[in-house]
Amino acid sequence: MRYEHHITLEKTIIQDDRFFKLSQDSLLLSDFAPEQKGRILDLGCGVGVLMILMLLKSPRAHALGLEITEGACELARLNLKKCGLETQGGVLECDMRLMPKRLYGYFDCCISNPPYFSPSRGFSSPKSAMAAARNESCGDIMDVCRAAFYALKWRGIFHVCYPAKRLCDLTEALSANRLEPKRMRFVYTSPEKPPYLVLLSAVKGGGRHLEVMAPLLVTKDSFAPSPGPFEHYRHPYSKQEK
């Protein structure tokens, strides 16, 4: 089934139950990444949500999404047009592990909400498109970081979200591909629980200096006072059936 979903108060996208949908993590990552002015590459763009959110906050930027699933590519192109961004963004059906060499060193910024789970554990889906988005059958975090390294210009920046419990895997992959962490933020659903997500920015060829930002708290009551060192996340959106 297809339906419209608000990603801002004015803009909607089309989602499809066959493909990975708009997630809170993509919203968090798009807020974490600052406005861009150059070329953006979305590694594993799905139906284009993260790329569109970045373009909406970066009117002077241009973006390309790489996506391995044909149907998701078609829907991403439709969503770019629906949001009036077809001249700013495009989609290439491509396995990021086989990225064309013409894209090497071409981008100022890479973004990714990558698969979180190995094929042998975590989420499993009988739908191949959903499985590719959720587990690492089409590329693990090392592949994602390697693709970011190849695509970025020297001193280009990579913005990524990943499960907090797999932070060691993420930092190992970044280090192996000469992407130096520069800014990091943990995301919590409760002050009493461990963080579930980490948001991280890394620079290709950067020096060693890491800023750890105030922890971010995501709850249903986002307008309640923030407890202690936490900051509340606030991003209004709603879902409409089509």
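Residues numbered from 1 in each chain as written. Predicted model: local features only at pLDDT ≥ 70, side-chain atom pairs only at ≥ 80, totals over all residues. Heavy atoms only, no water.

Caption draft 1: Local environment of the overall build of the chain. Within the chain one finds six helices and 13 strands. Taken across its 242 residues, the chain has 55% of its residues classed as buried. In the chain, the proportion of contacts linking residues at least 24 apart, taken out of those at least 6 apart, comes to 69%. A total of about 11,500 Å² of accessible surface is found on the chain, and carbon and sulfur atoms cover 53% of it. (Helix = DSSP H or I, 4+ residues; strand = E, 2+ residues; numbered from the N terminus. Buried < 20%, exposed > 50% of the residue type's maximum accessible area, 1.4 Å probe, protein only. Contact = heavy atoms within 4.5 Å. Areas by Shrake-Rupley, 256 points an atom, 1.4 Å probe, with all protein chains shown as cover.)

Caption draft 2: Quick look at helix α1 (residues 24-32). Of all nine residues making up α1, seven are buried, and the element is well covered by its neighbours. Within the span of α1, buried status applies to D25, S26, L27, L28, L29, S30 and F32. The inward-facing, buried residues of α1 abut α2 (49-57), β6 (107-112), β7 (152-163), β8 (179-188), β9 (197-204) and β11 (216-217).

Caption draft 3: A look at the packing of aromatic side chains. Tallied over the entire structure, the rule returns five aromatic pairs. Judged by centre distance (4.8 Å) and plane angle (5°), the ring pair of Y104 and Y150 falls under stacked. Taken together, the residues Y104 in the loop between β5 (89-93) and β6 and Y150 in helix α5 (residues 141-151) connect sequence positions 46 residues apart. Classification of Y104 as partly exposed rests on a relative accessible area of 34%. Take Y150: its relative accessible area is 35%, and that puts it in the partly exposed class. Geometry around Y106 places R39 over its ring, the cationic atom sitting 4.0 Å from the centre. R183 extends its terminal NZ or CZ atom over the ring of F32, reaching a point 3.9 Å from the ring centre. (Phe/Tyr/Trp six-rings, centres within 6.5 Å; stacked < 30°, edge-to-face > 60°. Lys NZ or Arg CZ within 6 Å of the ring centre and 35° of its normal.)

Caption draft 4: The arrangement of the packing of α5 against helix α6 (residues 167-176) in detail. The contact between α5 and α6 brings their axes to 9 Å, and the two run at 35°. Like other packed secondary-structure pairs, α5 and α6 cross with a definite hand, here right-handed. For the pair formed by α5 and α6, the contact residues are I141, M142 and C145 on the first element and D169, L170, E172, A173, L174 and A176 on the second. Of the residues belonging to the contact of α5 with α6, the class tally is seven nonpolar, no polar and two charged. (Axes fitted to C-alpha atoms, helices over the stretch in contact; angles between N-to-C directions. Left-handed = near helix turned anticlockwise from the far one by under 90°. Nonpolar A, V, L, I, M, F, W, Y, C, P; charged D, E, K, R; others polar.)

Caption draft 5: Summary view of unusual backbone geometry. For R155, which is not glycine, the phi torsion reads 75° and is therefore positive. Position of R155 relative to the elements: it lies in strand β7. Phi at R178 takes a positive value of approximately 55°, unusual for a residue other than glycine. Looking at where R178 falls in the secondary structure, it is placed in the loop between α6 and β8. The exposed category is assigned to R178, whose relative accessible area is 54%.

Caption draft 6: Geometry of the confidence of the model for the chain. For the chain, per-residue confidence averages 87 on the pLDDT scale, and residues scoring 70 or more make up 85% of the total. Contacts of residues 129-135 to residues separated by more than four positions or lying in other chains number 27 contacts, the stretch itself having pLDDT below 50. Across residues 236-242, confidence stays below pLDDT 50; counting only partners more than four residues off in sequence or on other chains, it has 18 contacts. (pLDDT = per-residue confidence, 0-100.)

Caption draft 7: The arrangement of helix α3 (residues 70-82) in detail. Given a rise of 1.5 Å per residue, 13 residues ought to cover 18 Å, and the 19 Å separating the end C-alpha atoms of α3 matches this to within 8%. When we look at burial in α3, the residues that qualify are G71, A72, C73, L75, A76, N79 and L80. The inward-facing, buried residues of α3 contact β1 (2-6), β2 (12-16), α2, β4 (62-67) and β5. Of the residues flanking the end of α3, it is G84, one or two places downstream, whose phi is positive at about 70°. (Expected span 1.5 Å × (residues − 1).)

Caption draft 8: The pairing of β8, seen in detail. Most of β8 sits out of view: eight of its 10 residues are buried. Strand direction decides the pairing type here: β8 and β9, joined by eight bridges, are antiparallel. Paired with R185 across the bridge in β9 is L199. Pairing analysis gives two bridges linking β8 to strand β10 (residues 211-212), with the strands arranged parallel. (Pairing = 2+ DSSP bridges.)

Caption draft 9: Spatial organisation of the side chain of Q15. Counting through the fold element by element, Q15 comes out in strand β2. A residue is classified by how much of its surface remains accessible, and Q15, at 2% relative accessible area, is buried. Among all residues touching Q15, those that are not within four sequence positions of it are M1, R2, Y3, H5, K21, L22 and L75.

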